[in-house]
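# Fold and geometry: a report
Residue strings, one per chain:
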Amino acid sequence: MEKLMKVSCLGPLFLLLGLLPFAIAGHDYGQALTKSILFFEAQRSGYLPSNQRVKWRSHSGLEDGKSSGVNLVGGYYDAGDNVKFGLPMAFTITMMSWSIIEYGKQMASSGELSNAMEAVKWGTDYLIKAHPEPNVFYGEVGDGNTDHYCWQRPEDMTTSRQAYRIDPSNPGSDLAGETAAALAAASMVFRRSDPSYSKTLLSHAYQLFDFADKYRGKYDGSITIAQKYYRSVSGYADELLWGAAWLYKATNSEYYLNYLGNNGDSLGGTGWAMTEFGWDVKYAGVQTLVAKFLMGGNTGNHASVFEQYQEKAEFFMCSCLGKSNHNVQKTPAGLIFRQKWNNLQFVTSASFLLTVYSDYLTSAGKTLKCSSGNVQPSELLSFAKSQVDYILGDNPRATSYMVGYGSNYPRQTHHRGSSIVSIKNDPSFVSCRGGYATWFSRKSSDPNLLDGAIVGGPDAYDNFADERDNYEQTEPATYNNAPLLGLLARLHGGHSGYNQLLPVILPTPKAIAVKSKQTPDVTSTPSPAASMQQIAVEQKITSSWLSGDKTYYRYSTTVTNKSGKTLKSLELSVSKLYGPLWGLTKSGDSYGFPAWIKYLDAGKSIEFVYIQSASPATVSVSRYILA
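Counting starts from 1 at the beginning of each chain's written sequence and moves along it residue by residue. In keeping with the model being predicted, local features are shown solely for residues with a pLDDT of at least 70 and side-chain atom pairs are shown and tallied solely at 80 or more, while totals for entire chains, interfaces and linings include all residues. Computation of side-chain values covers all heavy atoms of the structure but excludes hydrogens and water.

Selection rule: UniProt positions are given in the numbering used here, feature names are shortened, and annotations may be inferred rather than shown by experiment.
The protein chain appears in an unreviewed UniProt entry as Endoglucanase from Heracleum sosnowskyi. Recorded in UniProt under Sequence similarities (unreviewed entry), the annotation for the protein chain is "Belongs to the glycosyl hydrolase 9 (cellulase E) family."

If you want it as structure tokens, here you go:
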């Protein structure tokens, strides 16, 4: 990664359902699942096995840990660089394991379960090595400062491989707690296939949780070199609860159940109503797990406390759906949006929680309680599906943000290994700065396909620049992909005979107009309000692309309040619309403000977008109130 990142679940999706013209047949979630797992093989560090499928990679980091007297060979590079950061790596393993625990049957039916388990084991083998003593854990190998100065494939690294650790004198409860969660979750993955390995994982998880709880402190206060890249903003309280929740789920031990009940208030599990979930902020994940314990009748003497956890879990779900009193930002086309750096990490993490909670509610025969009223579990699943579909290409740019999926995907990823010719094809040494001059600055496609990688994704306005130096949008990360494994398995499996799961409800495609022979002429659309110079409606084409024998256009429409008063109760008429539209709420035959906007102040504007292969739709103001 190139800058500090923090994972969040953000924003409601107010999407008028409709598939884009190029995706009417739906998505191949099975193929996307295969590719999303394959990406982890491209991120491997250490000695690569004989069954390695990503052939352009080779061995790397073979002396990691040697200067510290410990074997730290293996594990994963976190993103487009060559550093092994322990906190997001452990979170990645937790989320891959959770994906398998929930949807392993669907993975097995698609033939990907063994590959997913291998991806987990590549990470857990390393985490075990990084924990050589009960109260010692190595949380980083290499450092971002020297690494980012160089542009080298992993096989040529000349940068520092110093190892950094936490111990009783230099604690890191967040790092140790997350690693305990990862190993506990993974122990469930291997419980049947390899009981001995599962017990080893649990043994390390026990020790790491005790270490995290007894010697409390933030890991980036001990491994200060990580602050610029993976700073622990949320602290360690959430990771203590997260570790306890996974250890209870893995062991059914009352110790961890009581830990959750007795510490829910003091550590924030019952107090924090979050709209964030990811490698740094775990509260929503803890609250989701505890809500499942509650629905399953596993509360001990803590039912009232667990109900408070569940209230906060449902606040998270409602906020994401846009049915809370605290709804959050999205792009005009309906994508969850948090920040311009690697935004898709937020989308996959949030969508995974929504999906599992949908299935938990269905299993318990319950509905989601939001401030706007009760919500059926199927709405959570539909929301998550719409986010996945956006990532796979149902978006205004018709771009798949999974490398190698579809025909229009990023070709210039911000990734050292994929952007430099394979060492197997050209063993010539690539120097630190020479890599920037020769490979980074190239404006052509990557020589190696980074199959399955989820890149950072579009900006707040659905725009995306496929350029290697645009790290905010084109850099992939392991923690982007990890939650997606479960999502794709769930969507690929559909109902599939698993009666605790809901069928996936596909939106109905809209009719498509005939091909436009030339670029349409776009002008301002007249309306009664515009003629009074109080409300202006302006349209423009922001992008176009070919799909088959048709040219599709993305139209951006801006509605501006030019009066000196507050605009309320806006109603728009949109005719000659043949494709999907994002950014307005439809009511009958008219459109109004999106659900997250109640009024428009003087001088302010709203934007909505639509796609079609015809001239622009006719947009006019039917009704409004100025107050």
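Anyway, onward from the coordinates.
### A few points about the overall build of the protein chain
Operational definition: Strands are runs of DSSP state E lasting at least two residues, helices are runs of H or I lasting at least four, and both sets are numbered from the N terminus onward. Per-residue accessibility, obtained with a 1.4 Å probe over protein chains only, is compared with the maximum for each type, and a residue is labelled buried under 20%, exposed over 50%, and partly exposed between these values. Contact criterion: two residues are considered in contact whenever any of their non-hydrogen atoms come within 4.5 Å of each other. Only the protein chains shown count as cover for residues, and the accessible areas themselves come from Shrake-Rupley with a 1.4 Å probe.
In terms of regular secondary structure, the protein chain is built from 17 helices and 14 strands. For the protein chain, the proportion of its 627 residues judged to be buried stands at 63%. Relative to all contacts within the protein chain whose residues are 6 or more apart in sequence, the contacts with residues 24 or more apart total 76%. For the protein chain, the exposed surface amounts to about 22,400 Å²; the carbon and sulfur share of it is 48%.

### A closer look at the pairing of strand β2 (residues 137-141)
Counted only if it meets this: DSSP calls a pair of strands paired once it identifies at least 2 bridges connecting them.
By the criterion of burial, β2 is predominantly enclosed, with five of the five residues buried. Bridging between strand β1 (residues 84-85) and β2 involves two bridges; their strand directions are antiparallel. Paired with K84 across the two strands is V141, which belongs to β2.

### Structural notes on the confidence of the model for the protein chain
What counts is decided by this rule: Each residue carries a pLDDT score, the predictor's confidence in it, ranging from 0 to 100.
Mean pLDDT for the protein chain: 88, with 89% of residues reaching 70 or above. Scored below 50 in pLDDT, residues 2-25 makes 122 contacts in the model with residues more than four places away or belonging to other chains. With pLDDT under 50 throughout, residues 496-517 is counted as low confidence; its partners more than four residues away or in other chains account for 62 contacts.

### Things to note about the nonpolar core
Put simply, the rule reads: Think of a nonpolar core as a cluster: buried Ala, Val, Leu, Ile, Met, Phe, Trp, Tyr and Cys residues, connected wherever their side-chain atoms sit within 4.5 Å.
One finds W98, L260 and L368 to be the most contacted residues of the largest nonpolar core, which totals 152 residues. Discounting chain neighbours no more than four positions away, the residues touching W98 are W242, W246, F277, G285, T288, L289, F352, L353, V356 and Y360.

### A few points about the side chain of S45
As a reminder of what qualifies: For the purposes of these results, a polar contact is taken to be a pair of N or O atoms within 3.5 Å, where, inside protein, one atom must be able to donate a hydrogen and its partner to accept one; residues adjacent in sequence count only when each atom of the pair is a side-chain atom.
For S45, the location among the structural elements is in the loop between α1 (29-42) and β1. On the basis of relative accessible area, S45 is assigned to the buried category, the value being 0%. Here the side chain of S45 touches Y77 through a polar contact of 2.9 Å, side chain to side chain. Among all residues touching S45, those that are not within four sequence positions of it are S60, G61, D64, G74, G75, Y77, K84 and W122.

### Some thoughts on the packing of aromatic side chains
Formally: When the centres of two rings from Phe, Tyr and Trp lie within 6.5 Å, Trp using its six-membered ring, the rings pair. Their planes under 30 degrees apart give stacked, over 60 give edge-to-face, and anything left gives tilted. Only Lys NZ and Arg CZ are tested; either one counts as a charge over a ring when it is within 6 Å of the ring centre and within 35 degrees of the ring normal.
If you walk through the whole model with that rule in mind, you get 28 aromatic pairs. Put simply, the rings of F91, W98, W242, W246, F277 and F352 touch in pairs and so form one group of aromatic residues. Over the ring of W122 we find R44; its NZ or CZ atom is 4.4 Å from the centre of that ring. The lysine or arginine in question, K121, covers the ring of Y197, its NZ or CZ lying 4.8 Å from the ring centre.

### Observations concerning the sheet that holds strand β3 (residues 163-166)
Reading across the sheet, the three strands line up as β1-β2-β3 and stay open at both edges, with antiparallel pairing between neighbours. Edge strands, defined here as strands with exactly one partner in the open sheet, are β1 and β3. Bridge count between β2 and β3: four bridges; the pairing is antiparallel. Note on β3: the bridge partner recorded for F137 is I166.

### A closer look at the environment of K443
Within the element layout of this structure, K443 appears in the loop between α14 (434-440) and α15 (471-474). Residues K443 and R468, spaced 25 residues apart in sequence, show a C-alpha to C-alpha distance of 7.8 Å.

### Some remarks on the state of the cysteines
For clarity, the cut-off: Disulfides are defined as cysteine sulfur pairs within 2.5 Å.
According to the stated counting rule, one finds two disulfides in the structure shown. A sulfur-sulfur distance of 1.9 Å marks the disulfide that ties C150 to C432. Residues C150 and C432 are joined through a disulfide that is left-handed, its torsion about the S-S bond being -85 degrees. On the criterion of sequence distance, the pair formed by C150 in the loop between α4 (144-149) and β3 and C432 in the loop between α13 (416-419) and α14 is long-range, its members being 282 residues apart. Accessibility expressed as a relative area gives 5% for C150, which makes it buried. With relative accessibility at 14%, the residue C432 sits in the buried group. Two residues share a disulfide in this structure: C318 and C370, whose sulfurs sit 2.0 Å from each other.

### A word on the packing of helix α9 (residues 283-295) against helix α11 (residues 344-364)
Note the cut-off: Axis definition: a line fitted to C-alpha atoms, over the contacting stretch in the case of helices. Angles run 0 to 180 degrees between N-to-C directions. Angles below 35 degrees are treated as roughly parallel, those above 145 as roughly antiparallel, those between 65 and 115 as roughly perpendicular, and all remaining angles as oblique. Ten residues, namely Ala, Val, Leu, Ile, Met, Phe, Trp, Tyr, Cys and Pro, are considered nonpolar, four, namely Asp, Glu, Lys and Arg, are considered charged, and the remaining ones, Gly among them, are considered polar.
Two elements in contact, α9 and α11, have axes separated by 10 Å at closest approach and are oriented at 10 degrees. As far as their axial angle goes, α11 and α9 are roughly parallel. Across the interface between the two elements, A284, G285, T288, A291, K292 and M295 of α9 pack against L353, V356, Y357, Y360, L361 and A364 of α11. Grouping the amino acids of the contact of α9 with α11 by side-chain chemistry returns nine nonpolar, two polar and one charged.

### Things to note about the pattern of salt bridges
When their charged atoms lie close together, side chains carrying opposite charge are able to pair. How we decide: Salt bridge, as applied in this entry: a Lys or Arg side-chain nitrogen positioned within 4 Å of an Asp or Glu carboxyl oxygen.
The tally for this structure, following the rule as stated, stands at 19 salt bridges. With a closest N to O distance of 3.0 Å, D451 and K35 form a salt bridge. With D451 in the loop between α14 and α15 and K35 in helix α1, this pair connects stretches of sequence that are 416 residues apart. Here D451 matches K35 in class, with each residue buried. Note that K218 and D220 form a salt bridge whose closest N and O atoms lie 3.9 Å from each other. By relative accessible area, which is 35% here, K218 ends up partly exposed. Ionic contacts of the salt-bridge type, sharing partners, join the residues D64, K84 and R161 into one network.

### Observations concerning the packing of helix α6 (residues 195-214) against helix α7 (residues 237-251)
The condition that has to hold: Whether a crossing is left-handed or right-handed is set by the direction in which the near helix is turned from the far one by less than a right angle, anticlockwise for left-handed and clockwise for right-handed.
For the pair α6 and α7, interaxial distance at closest approach is 10 Å and the crossing angle is 150 degrees. Looking at the two axes, α6 sits roughly antiparallel to α7. Crossing angle aside, the handedness with which α6 passes α7 is left-handed. Each of L202, A205, Y206, F209, A212 and D213 in α6 lies in contact with α7, whose residues at this interface are L240, G243, A244, L247, A250 and T251. When the residues that make up the contact of α6 with α7 are grouped by side-chain class, the tally is nine nonpolar, two polar and one charged.

### Notes on unusual backbone geometry
Here N342, not a glycine, exhibits a phi torsion of approximately 50 degrees, which is positive. Topologically, N342 is positioned in the loop between α10 (303-321) and α11. On the basis of relative accessible area, N342 is assigned to the buried category, the value being 1%. In the Ramachandran plot, A398 falls in the positive-phi region, its phi being about 55 degrees despite a non-glycine side chain. With respect to the helices and strands, A398 occurs in the loop between α12 (377-392) and α13. Here A398 falls in the buried class, since its relative accessible area comes to 10%.

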